[in-house]
Amino acid sequence: MLEDDSIESDLSTMWLSKGVLKAETESLIVAAQDQALNTRYRERKIHKQLVNEFRLWSKRLHNLENIYSQLKDPRIKTMTSILQLTNSAYLPCFKSLFKGVVAAVHEANEINSCIKVLVLQVNRFDEIEDFLEAEKQLPAIMHTLCLIWAHCKYFNSSSKLINILFLISNMLITKARKYLNPATLFQIDLEETAPIIAKTIQVLYNFKKLFEFCRRNLHTYFPKNTNHVSWLFDWDTVFKRFNSFIQRLEQLQILFSTSIEYNKLEKVEIGGVLGRHLSGKVNKMFLEFQLIIRRFQQLTYDPTDIDDHAFVIDYSSFLGRVVDIDRRLASILNQAVSNCHNLQQFLKLMYVVGTLMERPIIFDEIIPKCTLAIDMLSEELDDCLVSSDSFYLKIPLKIPAREESSHK
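Caption draft 1: How the structure looks around the state of the cysteines. This structure, assessed with the given rule, holds zero disulfides. Of the cysteine sulfurs around Cys146, a residue in no disulfide, the closest is that of Cys214, at 4.0 Å.

What follows is the structure, encoded as structure tokens:
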């Protein structure tokens, strides 16, 4: 009726402008906008705290569909008409809010449809108790992630992918810690624990290799004649926590390998004139090292928890004391090598010391002494050559007589 030329629309709608209905309607629009902004803030906070990403999108779709259904309510249409008739400054804000909700519903709906398979795969990965068996699920997860990136236009943004990768890496860390069982890490035999740590580190590095493989071959997932969107973010930026966990496990690996090497000191016996004296010093260092390791057997914290820096302090102290023991052991072995008077004694000493010789400080101290071993080896070879020559000189040479020619 307001479109009729005989009706003055301004006068007809003046009561709306002067009454309280317009003000209340505009207040509702402001409140709705504030609620939407507050909802987005809470969603960002949830992202930051890494609550399950998949549940977040499912919940978001449910909330957005409810908001959309409310916006289609006849009462909302009436509010829109009031804003239009009164030329309210809040009308563009309301239109923008409505368009934003519609776009968000489409986005959440498509993402939820695409991540259904990924949700199943991640849940399957989470349910597998065996860490080494769970690793076999990672290629399928990364493959699905690449497909979603290439075919879901709402998903191929770095922020969404980073959240998923961060979640997967944290799940991998959790499974690795459970596999290592920190409570008994230093309680069982060191030679049994060391391979477990090595396998865990290998699985983590395999995931890094898998990520790089997917990044390099991402273009193969996109349909033909479409633009390829690459993963341009840096690994170290996204997986900072993951890399810190690997570093912690490598520190544990060094600690265990050093302990295994120094446990060999218990059986080291040095011969020669100074043998008993030097062997006593070696045994004393073995007992000293056992006291160092006993400190780790009595830990009251979890050494695999990268948020707890107590292990970093203890590990630094451990390295410092090991360097001191390395230097003293190098000095003792230097004396032992100097006390070797023949090649047999030298080789026997090297066999007893074993892989401890490969420790940098000890290696640098002993390697110059190897020239003595070379000299002794040369003397042994010379003696063998002399013995061989004298043996063959004593054997009379029998030259066979020539057969006479038959025509003679």
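Let us keep going from here.
Caption draft 2: Quick look at the packing of aromatic side chains. One pass over the structure, following the stated rule, counts 17 aromatic pairs. Taking the centre distance of 6.3 Å and the plane angle of 65° together, the rings of Phe296 and Phe311 count as edge-to-face. Here Phe311 lies in helix α15 (residues 310-338) and Phe296 lies in helix α14 (residues 275-297), a separation of 15 residues in the sequence. Phe311 shares its class with Phe296; the two are buried. Every member of this aromatic cluster is reached through a ring pair, and the members are Phe186, Phe256, Tyr262, Phe289, Phe296, Phe311, Tyr315 and Phe318. Positioned above the aromatic ring of Phe125, the side-chain terminus of Lys175 is 5.7 Å from the ring centre. For the cation-ring pair, Arg215 lies above Phe233, with the distance from its terminal atom to the ring centre recorded as 6.0 Å.

Caption draft 3: Structural detail: the environment of Phe125. By the element assignment, Phe125 lies in helix α7 (residues 116-127). Between the C-alpha atom of Phe125 and that of Met171, which follows or precedes it by 46 residues, the distance is 8.9 Å. Leaving out residues up to four positions away in the same chain, Phe125 has contacts with Ala134, Gln137, Leu138, Ile141, Met171, Leu172 and Lys175.

Calculation rules
- Residues numbered from 1 in each chain as written.
- Predicted model: local features only at pLDDT ≥ 70, side-chain atom pairs only at ≥ 80, totals over all residues.
- Heavy atoms only, no water.
- Disulfide = S-S within 2.5 Å.
- Phe/Tyr/Trp six-rings, centres within 6.5 Å; stacked < 30°, edge-to-face > 60°.
- Helix = DSSP H or I, 4+ residues; strand = E, 2+ residues; numbered from the N terminus.
- Buried < 20%, exposed > 50% of the residue type's maximum accessible area, 1.4 Å probe, protein only.
- Lys NZ or Arg CZ within 6 Å of the ring centre and 35° of its normal.
- Contact = heavy atoms within 4.5 Å.

Functional significance is not addressed by these values, which are geometric in nature.
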